[in-house]
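Residue-level structural notes
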Amino acid sequence: MIQEGVIKMVFKKKQSILSIIISILLLFIALIPLFISNKYLIVITFILVFLIILNILFERYTIKEHFLSIRRGLFKNRYNIYDIDQINMTKSIEGNSMLEIVSKGELVEKVSPIEEREFIITLIRINPKIKLNNSNRLHEYEKVRNLIIAREKLNNIQNKVHKIARYNKVWYI
């Protein structure tokens, strides 16, 4: 566990063309009640469409300390990174790559950050025990994970050596 200050990073979702098209279609659907001229229906439709578009287009992933917060529109989920077992590469309906986050043996979230590499490396820096599956690209990150683990072991050894050196220095004075 590397503790180099508090890590806080915010990652944005990759926007697909399909999600933008769906948002535009929903906006046009919201205009239909204007022709019916029902005030209540117009207000309710605009509010629902606004919430759906907000949920589709505004997705953020925040890593702070050892928690991963996923905000989709008005909804927010928070996960302990130490509970994450593995990350799997998968494809979305649009054909974009997505990351499945598995915690305690169960799929908890599917995310698609723009800075996928930095997102994975940040998670691995906090929890080096995360396994990466289903992709050659993810297996490349295994090398980074091994480097992080080796660096952590080296830091632990250096800390022990410094403690021994300070202890022996006190006895010689």
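Whatever comes next refers back to the structure up there.
First things first, this report covers the structure right here in the doc. These numbers were taken from a predicted model, which means no experiment stands behind them. (Residues numbered from 1 in each chain as written. Predicted model: local features only at pLDDT ≥ 70, side-chain atom pairs only at ≥ 80, totals over all residues. Heavy atoms only, no water.)

A word on the overall build of the protein. Secondary structure assignment for the protein yields four helices and eight strands. Beginning at the N terminus, the succession of helices and strands in the protein can be written as β-α-α-β-β-β-β-β-β-α-β-α. Here the protein has roughly 11700 Å² of accessible surface; of this, 62% comes from carbon and sulfur atoms. (Helix = DSSP H or I, 4+ residues; strand = E, 2+ residues; numbered from the N terminus. Areas by Shrake-Rupley, 256 points an atom, 1.4 Å probe, with all protein chains shown as cover.)

Taking strand neighbours across the sheet as the criterion, the four strands line up as E7-E6-E5-E8 in an open arrangement whose pairing is mixed. The two strands at the open ends of the sheet, each matched to only one other strand, are strand E7 (106-111) and strand E8 (131-133). Across the sheet, the axes of successive neighbouring strands diverge by a mean angle of 25°, strand direction being ignored. Two elements, strand E5 (residues 84-91) and strand E6 (residues 97-103), share seven bridges in a ladder whose sense is antiparallel. Looking at E6, one finds that Ile84 is bridged to Ser103. Strand contacts of helix H3 (residues 116-126): E5, E6, E7 and E8, with the helix running at about 15° to E6, the strand carrying the most contacts. (Pairing = 2+ DSSP bridges. Axes fitted to C-alpha atoms, helices over the stretch in contact; angles between N-to-C directions. Contact = heavy atoms within 4.5 Å.)

This next bit is on the sheet that holds strand E1 (residues 8-12). Sheet strands pair via backbone hydrogen bonds, and the direction of the pair is either parallel or antiparallel. Strand order in the open sheet formed by four strands is E1-E2-E3-E4, with antiparallel pairing between adjacent strands. This sheet does not close on itself; its edge strands, each paired only once, are E1 and strand E4 (75-80). Each adjacent strand pair in this sheet contributes to an overall mean axis angle of 15°, direction not counted. Across five bridges, E1 lies against strand E2 (residues 59-64) in antiparallel orientation. The partner of Phe11 across the bridge, within E2, is Tyr61. Contacts from H3 reach E1, E2 and strand E3 (67-72) within the one sheet, and its direction differs from that of E2 by about 30°.

With that out of the way, let us pick up the pattern of salt bridges. For the structure shown, the criterion picks out four salt bridges. Of the charged contacts, one joins Lys110 and Glu100 as a salt bridge, the two residues approaching to 3.7 Å between their closest N and O atoms. Here Lys110 is found in strand E7, whereas its partner Glu100 is found in strand E6, with 10 residues between them in sequence. Judged by its relative accessible area of 35%, Lys110 is partly exposed. When salt bridges that share partners are traced, they join Glu59, Arg72 and Glu109 into one network. (Salt bridge = Lys/Arg side-chain N within 4 Å of Asp/Glu carboxyl O. Buried < 20%, exposed > 50% of the residue type's maximum accessible area, 1.4 Å probe, protein only.)

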